[in-house]
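Chain by chain, the residues:
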Amino acid sequence: MRIDVVTIFPDYLAALDLSLVGKARTAGLLDLRVHDLRSWATDRHRTVDDTPFGGGAGMVMRPDVWGAALDEVMAPGPAHLVVPTPSGETFTQRTAEALATEEHLAFACGRYEGIDARVAERYRAQGVRVSEVSIGDYVLNGGEVATLVMVEAVARLLPGVIGNPASLVEESHGAAGLLEYPVYTKPPVWDGLDVPEVLLSGHHARIARWRRDEALRRTAARRPDLVAALPVDGLDKHDLAL
Ligand SMILES: N#Cc1c(-c2ccc3ccn(Cc4ccc(CN5CCCCC5)cc4)c3c2)n[nH]c1N
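The rules we used
Residues numbered from 1 in each chain as written. Predicted model: local features only at pLDDT ≥ 70, side-chain atom pairs only at ≥ 80, totals over all residues. Heavy atoms only, no water. Salt bridge = Lys/Arg side-chain N within 4 Å of Asp/Glu carboxyl O. Helix = DSSP H or I, 4+ residues; strand = E, 2+ residues; numbered from the N terminus. Phe/Tyr/Trp six-rings, centres within 6.5 Å; stacked < 30°, edge-to-face > 60°. Buried < 20%, exposed > 50% of the residue type's maximum accessible area, 1.4 Å probe, protein only. Axes fitted to C-alpha atoms, helices over the stretch in contact; angles between N-to-C directions. Parallel < 35°, antiparallel > 145°, perpendicular 65-115°, else oblique. Left-handed = near helix turned anticlockwise from the far one by under 90°. Contact = heavy atoms within 4.5 Å.

Visitor: Help me understand the pattern of salt bridges, please; the structure alone is not making it clear to me.
Guide: Oppositely charged side chains are able to pair whenever their charged atoms sit close together. Considering all chains together, one arrives at 13 salt bridges under this definition. For the salt bridge of Arg33 with Asp31, the shortest nitrogen-to-oxygen distance reads 2.6 Å. Of the charged contacts in the structure, one is a salt bridge between Glu102 and Arg129, with a shortest N-O distance of 2.5 Å. Taken together, the residues Glu102 in the loop between helix 3 (93-99) and strand 6 (104-108) and Arg129 in strand 7 (residues 129-134) connect sequence positions 27 residues apart.

This is the structure we're talking about:
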C-alpha cells in the first residue's frame, strides 16, 4: 500500500517513522510519503489560506494550492482521498478495514477552519473516491492527529505488519462487536490484588467463557450502543442471562 499525507506540519507525522508503522515502512510493506503543502504555494510568502467567503472568524485553506498538491500526490491513481474533518462520518474499525483494502490512500490534513469545500467536490466529480471522516465528537486544531490515528489503524491491518495475525481476530470493535476483556500478567498477586482464578486454571473453555462474559459486561456498562447493535443470533442463553 502507498499512503501520501499532505500537511503544513510535516513534522507532526514524524511518529509514523516509529514502532509498528515505521517497521512496516522499512520492511517495504507500506510506502508512506509525507508532503509539505506549502511546496505547492505560488507566492513568495507560500500562502495556503485566505479569508472565508460569507464572513466569519478564521481562515480557509485555498482550493488552488490543495488542487495542485493532490493532483501530484494522487497521480497516477486511482487513489482514495481521505479528508479528516469534524463534520465527517465517524471513523470506525469498519472504516479502517475498508481503507486497508486500497492500493493508494491520500490524506489531506486541513488546518485553520478547514479546506475549501470545492476540493472534495472537484475530486468526486472526477470519479475519485473521497471520504470525509471524523475520529470523534470533539474538536481538534487540524487533521494531522486524525491522520496519525487512521494511518495506524489501517497499517496494522496490512498483511505482514502485525507479527501475530491471530491477535487481530480478538480485538475490541472486531467482528464480535464487543469491547475487550480485562488482561493480566505476572505477578499473580500484586499489591494485595489477585488475578481471577479461572485464568490460572488452564481450563481453556472456562477461560474463553470468562473472557466473553467480561467482554459482554464491559460492553453493556460502557457502550450500550454496541450491545444494541449486536446480532441476537450472536448471543446464547448464557449471554442473555448475564
Ligand atoms: N478528523 C477530525 C477532527 C477534527 C479536525 C479535522 C481537520 C481539521 C482541519 C481544521 N480543523 C480545525 C477546525 C476546528 C473547528 C471547525 C468548526 N467549523 C469551523 C468553520 C465554521 C463551522 C465550524 C472546523 C475546523 C480540523 C479539525 N476535529 N475533530 C475531529 N474529530
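Visitor: Would you take a moment to explain the packing of aromatic side chains for this structure?
Guide: How two aromatic rings sit relative to each other is set out by the distance from centre to centre and by the angle between their planes. Under the defined criterion, the tally for this structure stands at 1 aromatic pair. A ring pair is formed by Tyr184 and Trp210, whose centres lie 6.4 Å apart and whose planes are at 55°; its orientation type is tilted. Here the residue Tyr184 occupies a position in the loop between helix 6 (166-169) and strand 8 (189-190), and Trp210 occupies one in helix 7 (residues 204-222), the gap between them amounting to 26 residues. Take Tyr184: its relative accessible area is 43%, and that puts it in the partly exposed class. Judged by relative accessible area, which is 17%, Trp210 ranks as buried.

Visitor: So what exactly am I meant to see when it comes to the packing of helix 2 (residues 63-74) against helix 4 (residues 118-125) here?
Guide: Each packed pair of helices is defined by two parameters, the angle between the axes and the distance between the axes. The N-to-C vectors of helix 2 and helix 4 enclose an angle of 40°; their axes lie 10 Å apart at closest approach. The orientation of helix 2 relative to helix 4 falls into the category oblique. Every pair of crossing elements has a handedness; the one defined by helix 2 and helix 4 is right-handed. Side by side, helix 2 and helix 4 meet where Pro63, Trp66, Gly67, Leu70, Asp71 and Met74 of the first sit next to Arg118, Val119, Arg122 and Tyr123 of the second.

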